[in-house]
Amino acid sequence: MARIDDEQWPELGPLLDQALELTATERDTWLRELRGRSPQLAASLDALLLAEVIADQRGFLEPPKAAGLAGTELDHYTLVRPLGHGGMGSVWLARRTDGRFDGFAAVKLMNLALMSESGQMRFRREGTALARLSHHAIARLLDAGVAATGQPYLVLEYVDGQHIDAYADAAGLSLRQRIELMLQVLDAVGHAHVSLIVHRDLKPSNILVTAEGQVKLLDFGIAKLLVGDGEDERAAQTADGDAVLTPEYASPEQIRSEAVTTATDVYALGVLLYLLVSGRHPTREPHSTAIQAASSILDVEPRALGHGDLDTILGKALRKVPGERYATVAAFADDLQRYRRHEPVSARPDSLGYRTRKFLRRHRAAVAVATMMIVVLLSATVFSFVQARRASEQRDVAIRAARRAVAMTELQSVFASDGRGADGLPLTPANRIALAEEVLVRRFRNEPWLVSEILTSLSASLYESFDRESERAMLARAGAIAREGRQHEQVALAACTRATSFWYDDATDSVMAELRQARAALATVGHTADPILRSVCLEAEGKALLTGGNGDSAVTLLRQAVALLDSESGEAHRLPMLLALSEVLRLAGRYREASAAQLEHLNALEQAGYGNTEGLPNMAAFVDRTLSDMGEYRVADSILGALIRKREAVAGAGRAPQLLAFLHGQGQMRLGAIDSADVWITRATRGPYPEGGTMSNWLPSVLAQIRVGQGRISEARAAAAGLPGGLRGRRANAALVNALVEHASGRKAVASARLEHELAALYAESPITQSLFTMPLVTAGEWRLATGDARGADSLGMLAWRAAALDSLAPTRSALAGRSDLLRAKALLAIGDSSGAKASTERAVIALGNGYGANNRWTIEARALRVTLPR
């Protein structure tokens, strides 16, 4: 949303009134003309109209300054004692004494002498806005008035609580609980920003937490209200001797006396979160002077805390340049929620690679449940052949296998037992794994090869439970035991496994450090290294190459890794490596090859007997995502339909796995079969589904589009309320769905304006697009064309085509490319370019026929358009 400067308000007011008197169509035309004359003013007006904010111009009296004393009566309140005092005024505890109820309030007495004329105007304007704030985490403004002395005052809810940092420390809150506390703060600040109010002085003393754990923000907007602009503001500060900021929490732009925006609050919130997490300031050293503090804010970068994506989130919030921070507080909060759910965060570069790695990170357990975990916990370790030697050493291999079986039997008894801790409570999964490790180390301490091997396999249990730190710590212990016992293969195995774990978190330096250890160990082993060990290290080396931009080399190494795992090693080892190959192919932009590898993995799961496990639907989700990105909707839906028929043949009609039913319903929606889509989505949502998975991420979008297609607009709007944001691709999809709902509601101009506004914001962040951008761009172009703007529609069609063209076959096989070409054909025909229209139409007919099918409405429309064109 555009920032609205104070200087714009006098001109914006009349324009806003004028815009609200027009119909939607008239307003759209009028806004286009305004954009041509004054783009900045039009952008600000757009922001107001889109947020539907109409400022209440009720003013306050402007009496001179006064002082307050205990016992002083202010209308219904009697001052009891001071709570705080500053250069801008004082805060008093007051009791209500009019008999209506007995309670306390906080009264802020304002020093009007420090207000410039422009500051008084802002006080009148924003005082009403502050009164309209209604949020459970913001201290409410209860009343306002003028004392007998002429001093203005505000009466706010009195909050009995501790400063947020003191509360967190006193309560001994965990990292997760501190983040939950911070999410309350972000929600409140976001509410104020939507109301066009910027706090400017967020700090622990302005954020209290009650004994019940409820956050309450104080002084919202007051500091901003009390000062004017430019020279007047500086004069007020000089007269008072107290700056309108707190140096420890000020943003770089505040230090430089530049414009204050919502980004200023984002920075302060970043400082606050850093303080809550680490107990120290991100840039300032203890006991530094005010001058040193200001210098550190401008020059010193925050130190990493070792929390992975949380460090990245903090880094984005604390960027020195306002435009590089989170665009909104909601985006900041969304990333924190994603961090808690182990999902990708938008603070990372929104590469397809990062999104896919995080997707696999969350769902790896389900995909590999029938492979790695069964072997680890029920029969043998994943790497049961790592110690296998040459054929002449079969006796040694047999002995090791026997010892391995003994160890696994003992560990299985630990996992199967009704173990309890010293407190008598059942052991948690993490504690049970820790107990298993303790038994293993004590029982087999004289066999370091065995302890290290099984610890490496056991670490997979921690990986699947999303405990990355514990997983890596266990791998480090496995490597240390192997080094002490001079077990070089096990040293390499633990290091390569650890490198891959770090890769999923984009911890490049750690990846390279582990690979250096693995290479040294492998050099000692030489050509006798076990094939499974070599494949594991090839995977780690390949993913490291991918991070460095060497996608083709990465693919080569992963293909070698798959080739090493022949039938002798078993599907338990080959299937995860085949999945890793498909992952790297997709990240390297080789979607078609990735889909082939995913289909091979899918078929192998069925052939190995895992067709009725949860691993198959999860693998089907990978296949569907890749084919859908390529616009091959018909092929994707055909594969899903075949899988469902196989499952129903065993389990009975209507008893397909939940995720398969959802994916099929989503596919039917894409193909335009709305009623069929509704049936399948209804089946899929009969029971609960996992948070953070495919269904929870995409169900709101699918359901909203189905309801729009059925004309059930209120239900569509309710479904759209659950749309996830954060990542650029999902935000593009959310913008489309919300626009479709508005358009179906009859607010066509608003829908068009909002959709293009969101798309412009996404392109402003980065020119890199994804296939998810295609349909929002096509839809925006179709709406432009409907208003007679053929050239604008053609431009949007070109952008859509670029987003859809993932490979050289897309122009002939992608439904997304076909929709883009169909839009361009109609736009070019309206412009008068019949030859260009004909060429685009021919391409559209072929691509739509392959992507959607011959009898789809879009394919039929393209064929009909071709008939009307001159030959």
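Residues numbered from 1 in each chain as written. Predicted model: local features only at pLDDT ≥ 70, side-chain atom pairs only at ≥ 80, totals over all residues. Heavy atoms only, no water.

### Topic: the overall build of the protein chain
Okay, so step 1: Scanning the protein chain for helices and strands turns up 38 helices and nine strands.
Okay, so step 2: When the 871 residues of the protein chain are sorted by exposure, 54% land in the buried category.
Okay, so step 3: Element-wise, carbon and sulfur atoms account for 53% of the exposed surface of the protein chain, whose accessible area totals about 37,000 Å². (Helix = DSSP H or I, 4+ residues; strand = E, 2+ residues; numbered from the N terminus. Buried < 20%, exposed > 50% of the residue type's maximum accessible area, 1.4 Å probe, protein only. Areas by Shrake-Rupley, 256 points an atom, 1.4 Å probe, with all protein chains shown as cover.)

### Some thoughts on unusual backbone geometry
Okay, so step 1: Here Arg200, not a glycine, exhibits a phi torsion of approximately 80 degrees, which is positive.
Okay, so step 2: Relative to the helices and strands, Arg200 resides in the loop between helix H6 (175-194) and strand E8 (207-209).
Okay, so step 3: Phi at Asp506 is positive, roughly 60 degrees, even though this residue is not glycine.
Okay, so step 4: Mapped onto the fold, Asp506 is located in the loop between helix H19 (488-503) and helix H20 (508-525).
Okay, so step 5: Its relative accessible area of 22% is what places Asp506 among the partly exposed residues.

### Some points on the sheet that holds strand E9 (residues 215-217)
Think of a sheet as strands paired side by side through backbone hydrogen bonds, with each pair either parallel or antiparallel.
Okay, so step 1: A sheet is described by the order of its strands in space; here three strands give the open sequence E7-E8-E9, paired in antiparallel fashion. Every interior strand has two partners, whereas the edge strands, strand E7 (162-163) and E9, have only one.
Okay, so step 2: In terms of strand pairing, E8 meets E9 through three bridges, oriented antiparallel. Directly across from Leu208, in E9, lies its bridge partner Lys216. (Pairing = 2+ DSSP bridges.)

### Here's the deal with the packing of helix H12 (residues 309-317) against helix H13 (residues 329-340)
Okay, so step 1: The geometry of H12 relative to H13 is characterised by a closest axis approach of 10 Å and an angle of 175 degrees between their N-to-C directions. Between H12 and H13, the interaxial angle falls into the category roughly antiparallel. Contacts between H12 and H13 involve Asp309, Leu310, Ile313 and Ala317 on the former and, on the latter, Phe332, Asp335, Leu336 and Tyr339.
Okay, so step 2: Residue composition of the contact of H12 with H13, by class: six nonpolar, no polar and two charged. (Axes fitted to C-alpha atoms, helices over the stretch in contact; angles between N-to-C directions. Parallel < 35°, antiparallel > 145°, perpendicular 65-115°, else oblique. Contact = heavy atoms within 4.5 Å. Nonpolar A, V, L, I, M, F, W, Y, C, P; charged D, E, K, R; others polar.)

### Points about the packing of aromatic side chains
Okay, so step 1: Tallied over the full model, the rule gives four aromatic pairs.
Okay, so step 2: Between Tyr763 and Phe773, the ring centres sit 5.8 Å apart and the planes meet at 80 degrees, which makes this aromatic pair edge-to-face. Residue Tyr763 is found in helix H32 (residues 748-765), and its partner Phe773 is found in the loop between H32 and helix H33 (774-786); the two are separated by ten residues along the sequence.
Okay, so step 3: The class of Tyr763 is partly exposed, set by a relative accessible area of 23%.
Okay, so step 4: Just above the ring of Tyr326 sits the side chain of Lys316; from NZ or CZ to the centre is 5.6 Å.
Okay, so step 5: Over the face of the ring belonging to Trp680 we find Arg683, whose NZ or CZ atom lies 4.4 Å from the ring centre. (Phe/Tyr/Trp six-rings, centres within 6.5 Å; stacked < 30°, edge-to-face > 60°. Lys NZ or Arg CZ within 6 Å of the ring centre and 35° of its normal.)

### Details of the side chain of Ser535
Okay, so step 1: Along the chain, the position of Ser535 falls in helix H21 (residues 531-547).
Okay, so step 2: Every residue in contact with Ser535, bar those within four places of it in the chain, is listed here: Ala561, Leu564, Leu565 and Met577.

### A word on the state of the cysteines
Okay, so step 1: Going through the model one piece at a time under the given rule, you end up with one disulfide.
Okay, so step 2: With a sulfur-sulfur separation of 2.0 Å, Cys496 is cross-linked through a disulfide to Cys537. Judged by the sign of its S-S torsion, about 100 degrees, the cystine formed by Cys496 and Cys537 is right-handed. Of this pair, Cys496 sits in helix H19 while Cys537 is found in helix H21, placing the two residues 41 residues apart along the sequence. (Disulfide = S-S within 2.5 Å.)

### Concerning the nonpolar core
It is characteristic of soluble globular proteins that their nonpolar side chains tend to be buried jointly.
Okay, so step 1: Ranked by internal contacts, the top residues of the largest apolar core, which has 45 residues, are Val185, Leu186, Leu269, Phe332 and Leu336.
Okay, so step 2: Mapped by element, the contributors of at least two residues to this core are helix H5 (164-170), H6, E8, E9, helix H10 (262-278), H12 and H13.
Okay, so step 3: Considering every element that reaches this core, the biggest residue donor is H10, with eleven residues.
Okay, so step 4: Once you skip the residues sitting within four places of it in the chain, Val185 turns out to touch Ile164, Ile207, Val215, Leu217, Leu269 and Leu272.
Okay, so step 5: Of all hydrophobic cores here, the second largest spans 40 residues; its members include Ala495, Ala518, Leu546 and Leu581. (Core = buried A, V, L, I, M, F, W, Y, C linked by side-chain atoms within 4.5 Å.)

### A closer look at the confidence of the model for the protein chain
Okay, so step 1: Overall, the prediction assigns the protein chain a mean pLDDT of 76, with 70% of residues at 70 or greater.
Okay, so step 2: In this model, residues 1-10 is a region of pLDDT below 50 whose contacts with residues beyond four sequence positions or in other chains number 26 contacts.
Okay, so step 3: When the criterion is pLDDT under 50, residues 47-68 qualifies, and its contacts beyond four places in sequence or with other chains add up to 64 contacts. (pLDDT = per-residue confidence, 0-100.)

### Considering the pattern of salt bridges
Okay, so step 1: Tallied over the full model, the rule gives 41 salt bridges.
Okay, so step 2: Asp678 is the partner of Arg707 in a salt bridge, and the nearest nitrogen-oxygen pair spans 3.2 Å. Separated by 29 residues along the polypeptide, Arg707 in helix H29 (residues 694-709) and Asp678 in helix H28 (residues 674-684) bring together distant segments of the chain. For the residue pair Arg707 and Asp678, the accessibility class agrees, reading buried in each case.
Okay, so step 3: Taken together, the shared-partner salt bridges connect Asp552, Arg559, Arg590 and Glu593 into one network. (Salt bridge = Lys/Arg side-chain N within 4 Å of Asp/Glu carboxyl O.)

### Points about the packing of helix H31 (residues 728-744) against H33
Okay, so step 1: Relative orientation of the contacting elements H31 and H33 amounts to 35 degrees, with a least axis distance of 9 Å. By crossing handedness, the relation of H31 to H33 is classed as left-handed. Of the residues in H33, those touching H31 at Ala732, Leu736, Ala739, Leu740 and His743 are Met775, Pro776, Thr779 and Trp783.
Okay, so step 2: When grouped by side-chain class, the residues that make up the contact of H31 with H33 number seven nonpolar, two polar and no charged. (Left-handed = near helix turned anticlockwise from the far one by under 90°.)

### Re H20
Note that an α-helix has 3.6 residues per turn; residues three or four places apart therefore point the same way.
Okay, so step 1: Along its 18 residues, H20 runs 26 Å from first to last C-alpha, staying within 8% of the 26 Å computed at 1.5 Å per residue.
Okay, so step 2: Buried within H20 we find Val511, Glu514, Leu515, Ala518, Ala521 and Val525. Take H20 and look down its axis: the buried residues cluster within an arc of 125 degrees, on one side only. Across from the buried face of H20, at angles greater than 90 degrees, the exposed residues are Asp509, Arg516, Ala523 and Thr524.
Okay, so step 3: Packing partners of the buried residues in H20 comprise H19 and H21.
Okay, so step 4: Looking one or two residues past H20, Gly526 carries a phi angle of roughly 80 degrees, positive in sign. (Expected span 1.5 Å × (residues − 1). Arc of directions from axis to C-beta.)

### A short note on the environment of Leu208
Okay, so step 1: Along the chain, Leu208 turns up in strand E8.
Okay, so step 2: Put simply, Leu208 and Gly161 are 47 residues apart on the chain and 5.3 Å apart in space, counted from C-alpha to C-alpha.
Okay, so step 3: Residues contacting Leu208, with those up to four places away along its chain left out, are Val159, Gly161, Gln162, His163, Gln214, Val215, Lys216 and Leu218.

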